[in-house]
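Coordinates in review
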Amino acid sequence: MNEIFAIAGSTWRNVLRLKVVYFLVFCVWVLVACALNYDVLSLGLEKELLIDASLMLNTITAVLIVLSLTFEIPKELKDGVASSMLSKPLGRTHYLIGKMLGNMVIGFVLCALVAAGSFLIFRVSFNDTVGQTMLQSQVLVILSVIPMSALAVLFAVLLPEVVAPVVTVLVIWFSYSVGILNIPVICGGILPDLELFNFKASAVYQTVIPWSYVVLVTLWGICYAVFAASLASLIFSRKDIR
């Protein structure tokens, strides 16, 4: 466990100490605030537009954070950074789990910053309190980092360095759409049903989401992450690393 926490800590500390990361978060806040300038084009629905924009941009933030894994893991393997860890019996599994947990921490922190900034902009702009549904929708976006991180780890060990990021983005995009296909084996099975975390429409129209749903979706995300991480570990254990 100490090895896992050491890898996770190294992963999130290396990213969160980069100033450019917080500059990008600031840019997201600016883009969210820009929604206020479209009151005419949105036919007076700038409040709804701001809520939708904040959720969309936070989702993009989560995807970009997760995508970093598909670059970082192949690079470290190529450079031999993790060679001492990978030589141990459980080293490969510990390495993947540590990377996944570290990426989740990064995602939670940065997505929470984006959400907090969006709430502040909403509060100042409309002199209105942040509704429960808006809060829950942002929480679900943050929690979507859990299955997406596991998915990124899986593709990082399964596919070549150049292909992994592209496939990860395409699969995440598809996973936000599989709900309409209603194919149980794919939807929520092999691929995560990320539509479970998407409540933009509910936030815009203030439709109440039961907290029990948020808890169940969180548990489902954790279960899927365990499944994907186990599959990645199995593949990684059989992979020849030079």
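Residues numbered from 1 in each chain as written. Predicted model: local features only at pLDDT ≥ 70, side-chain atom pairs only at ≥ 80, totals over all residues. Heavy atoms only, no water.

Examining helix α6 (residues 132-143)
Each α-helix winds once per 3.6 residues, and so residues spaced three or four apart point in a common direction. Counted at 1.5 Å a residue, the expected span for α6 with its 12 residues is 16 Å, and the 16 Å between its end C-alpha atoms agrees. Of all 12 residues in α6, nine are buried; the element is thus mostly enclosed. Residues Thr133, Met134, Gln136, Ser137, Gln138, Leu140, Val141, Ile142 and Leu143 constitute the buried set of α6. (Helix = DSSP H or I, 4+ residues; strand = E, 2+ residues; numbered from the N terminus. Expected span 1.5 Å × (residues − 1). Buried < 20%, exposed > 50% of the residue type's maximum accessible area, 1.4 Å probe, protein only.)

Brief notes about the confidence of the model for the chain
When pLDDT is averaged along the chain, the result is 82; 83% of the residues meet or exceed 70. Confidence scores differ between elements of the chain, with helix α4 (residues 83-86) showing the lowest mean pLDDT of 61 and helix α7 (residues 145-158) the highest of 91. (pLDDT = per-residue confidence, 0-100.)

Some remarks on a nonpolar patch on the surface
The grouping of Leu18, Val20, Phe23, Leu24, Phe26 and Val30 at the surface amounts to a nonpolar patch, some 560 Å² of accessible area in total. With respect to the secondary-structure elements, valine 30 resides in helix α2 (residues 19-34). (Patch = residues over 30% accessible without salt bridge, like charges linked within 9 Å, V, L, I, M, F, W, Y side chains within 5 Å. Areas by Shrake-Rupley, 256 points an atom, 1.4 Å probe, with all protein chains shown as cover. Salt bridge = Lys/Arg side-chain N within 4 Å of Asp/Glu carboxyl O.)

What about the pattern of salt bridges?
Under the definition given, this model contains one salt bridge. Linking glutamate 72 and lysine 99 is a salt bridge whose minimum nitrogen-to-oxygen distance equals 2.6 Å. Placement of the pair is glutamate 72 in helix α3 (residues 46-79) and lysine 99 in helix α5 (residues 91-126), with a sequence separation of 27 residues.

Section: the side chain of threonine 11
Within the secondary structure layout, threonine 11 lies in helix α1 (residues 2-16). Within the structure, threonine 11 has its side chain in polar contact with the backbone oxygen of isoleucine 7 (distance 2.8 Å). Looking at threonine 11, its side chain comes within polar contact range of the side chain of lysine 99, at 3.4 Å. Each residue touching threonine 11, except ones within four places of it in the same chain, is listed here: Glu72, Gly98, Lys99, Gly102, Asn103 and Ile106. (Polar contact = N/O pair within 3.5 Å; in protein donor to acceptor, adjacent residues only side chain to side chain. Contact = heavy atoms within 4.5 Å.)

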